[in-house]
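Observations on chain architecture
For reference, the chains in residue letters:
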Amino acid sequence: MAKKRVIVICGTGVATSTLVVHKVKEFLREKGIDANVQQGKVSDILTRSGEFDLIISTTAVPPSVDRDKVVNAVPILTGAGKERVFEEIEAKLKNGGE
């Protein structure tokens, strides 16, 4: 399986995405999923969404972005429902793009 390309975005690419990037990297390492995880802001995906297998976001994503690629990461920040989000990330990376 090819290395997956993941971007974690927030409004500015600084605050909440930093927290989520660390948690996602740790989760993927535990699951043995090989992925290149980047950090960015919403504007980064407007023209580059096709470069990524998965977009993990703590903010609203424009409707022009393929919804099948997007995971809402707010539960990772709040802790409520984060297991479901991690399960969704794992499923999308293992099943997507094959």
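Up top you'll find the structure we're talking about.
Just so it is clear, the structure is predicted and the values come from calculations on it, not from any experiment. (Residues numbered from 1 in each chain as written. Predicted model: local features only at pLDDT ≥ 70, side-chain atom pairs only at ≥ 80, totals over all residues. Heavy atoms only, no water.)

1. Quick look at the pattern of salt bridges
Applying the stated rule across the entire model yields eight salt bridges. The shortest N-O distance in the salt bridge between aspartate 34 and lysine 3 comes to 3.7 Å. Of this pair, aspartate 34 sits in the loop between α1 (15-31) and β2 (35-41) while lysine 3 sits in the segment before β1 (4-10), and the two are 31 residues apart along the sequence. By relative accessible area, aspartate 34 is classed as partly exposed at 48%. Lysine 3 gets classed as partly exposed once you look at its relative accessible area, which sits at 47%. Arginine 84 is the salt-bridge partner of glutamate 88, the closest N and O atoms lying 3.5 Å from each other. With glutamate 88 and arginine 84 both in helix α4 (residues 82-95) and four residues apart, this pair spans about one turn of that helix. Taken together, the shared-partner salt bridges connect Lys31, Glu90 and Lys94 into one network. (Salt bridge = Lys/Arg side-chain N within 4 Å of Asp/Glu carboxyl O. Helix = DSSP H or I, 4+ residues; strand = E, 2+ residues; numbered from the N terminus. Buried < 20%, exposed > 50% of the residue type's maximum accessible area, 1.4 Å probe, protein only.)

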